[in-house]
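Fold and geometry: a report
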Amino acid sequence: MSVNPSELELFSVLAQQVSQNDVDAMVAPTLKELKESANVFLRYTGPAADVSFEDKHVPGRDGYQIPIRVYNPQLDASKPVFIMYPGCGFVLDLFEVNAIAASRIAMYGEIKVIIVNFRLCPEVALPVPIHDAYDATKYIASHSEVFNIDPNNIYIGGMSSGAHAAANVGSMSRSDDALSIKKQILLNGAYDLTQSQHGYDEYEAQDKICQRGPGIDFMFEQYEISKQDFARSPFSPLFEKDVSAMPDTTFLIAEYDGLRNDSEAYYQHLKSQNKNIERVILPGQTHNTIILCGAMTDGDDPAQTIANIITKN
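My aim in this report is to walk through the structure given alongside it, one point at a time. This structure is a prediction, so every number in the text was calculated from the model and none was measured. (Residues numbered from 1 in each chain as written. Predicted model: local features only at pLDDT ≥ 70, side-chain atom pairs only at ≥ 80, totals over all residues. Heavy atoms only, no water.)

Turning next to the packing of helix 5 (residues 128-142) against helix 7 (residues 161-173). Two numbers describe a pair of packed helices, the interaxial angle and the distance between the axes. Contact pair helix 5 / helix 7: the axes reach a minimum separation of 9 Å and the direction vectors enclose 55°. Between helix 5 and helix 7, the crossing angle belongs to the class labelled oblique. Here helix 5 runs over helix 7; the crossing is right-handed. Contact residues: I130, A133, Y134 and T137 in helix 5; H164, A165, N168, V169, M172 and S173 in helix 7. Of the residues in the contact of helix 5 with helix 7, the class split is 6 nonpolar, 4 polar and no charged. (Axes fitted to C-alpha atoms, helices over the stretch in contact; angles between N-to-C directions. Helix = DSSP H or I, 4+ residues; strand = E, 2+ residues; numbered from the N terminus. Parallel < 35°, antiparallel > 145°, perpendicular 65-115°, else oblique. Left-handed = near helix turned anticlockwise from the far one by under 90°. Contact = heavy atoms within 4.5 Å. Nonpolar A, V, L, I, M, F, W, Y, C, P; charged D, E, K, R; others polar.)

See the structure below:
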């Protein structure tokens, strides 16, 4: 099938706005322009679900207090908990945008969802955001009585850089007896900073918001790591050699994700060394559907798909 009609319509609207603002898509943005672009997403997220939430902080390894938001905090430990990391390229402040998606997961599944607001680049360098994701998850699991959760019923996940963070948290959990991940749900992840995979280029080209090129290259520059590190984990989970004994994993892959090559390659990598790895294609969708559901209204809401996976396990 082709890209969903509502997504094509939004592409057209955004293209007109870019044209009116005389923006050259072939020129890398400034850091200020890149960060200001995050404001556009809030116009198309749709409303947050009507579920209660609490904002809290948990400690990181360097003493930084990591902000988190807990949806459905009143639920008891009989329900699973989904710990979510935001899709933001590790650079854009898209916490509130991702939080709206988190609220929908909490509503659809009637479960507790905790979203972690890790620090962003270039104010910090990678892997600090990954460490924040891991430290928050470890703290939540280690203080299960505080959060009223079952530490053996923890799901993790996110989209884009959030899936990247989840992949690293899942990997690190293998050597940590105090952290047990039941399943990771990885939506449209970015797993290869070298951008070396090309089997799905024709599909990627249909995504007119998430596009490889100067914008993504400039975003990667904000990570403050060397080009040699691009081909190493944790910066590119695809290149971690030993991925055996990973948590059970569901890859959710939008058919026309602008980073689909990354998901397909990482899926094959994990599947080659693990048993319980599955792949689900989301027809007609693109990279940002879950956070732009106010405008991208065709097909199943990926937040509903995530909730279904968690509640059916």
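Glancing now at the side chain of N4. Structurally, N4 is set in the segment before helix 1 (5-20). Apart from the residues lying within four places of it in its own chain, the contact partners of N4 are P283, G284, Q285 and D298.

Moving on: helix 9 (residues 214-221). Looking at helix 9, one finds that the buried residues are I216, F218, M219 and F220. Check the buried side of helix 9 and you find it contacts helix 2 (31-36). (Buried < 20%, exposed > 50% of the residue type's maximum accessible area, 1.4 Å probe, protein only.)

What follows deals with the environment of C210. By the element assignment, C210 lies in the loop between helix 8 (201-204) and helix 9. For C210, a relative accessible area of 10% gives the class buried. Remark: the alpha-carbon pair of C210 and F82, spanning 128 residues in sequence, is separated by 26 Å.

Here 8 strands make up an open sheet; going across it, the order is 1-2-4-3-5-6-7-8 and the pairing mixed. What marks the edges here is a single partner per strand, and that holds for strand 1 (53-59) and strand 8 (277-282). Strand-to-strand twist of the sheet, defined as the mean angle between neighbouring strand axes without regard to direction, takes the value 20°. By the bridge criterion, 4 bridges tie strand 3 (residues 81-85) to strand 4 (residues 112-116) in an arrangement that is parallel. Pairing of M84 across the sheet is with I115, part of strand 4. Of the strands in this sheet, strand 2 (65-71), strand 3, strand 4 and strand 5 (154-159) touch helix 4 (residues 95-109), which is tilted by about 165° from strand 4. With respect to the sheet, helix 11 (residues 302-312) is in contact with strand 3, strand 5, strand 6 (183-187), strand 7 (248-254) and strand 8, its orientation differing from that of strand 6 by roughly 165°. (Pairing = 2+ DSSP bridges.)

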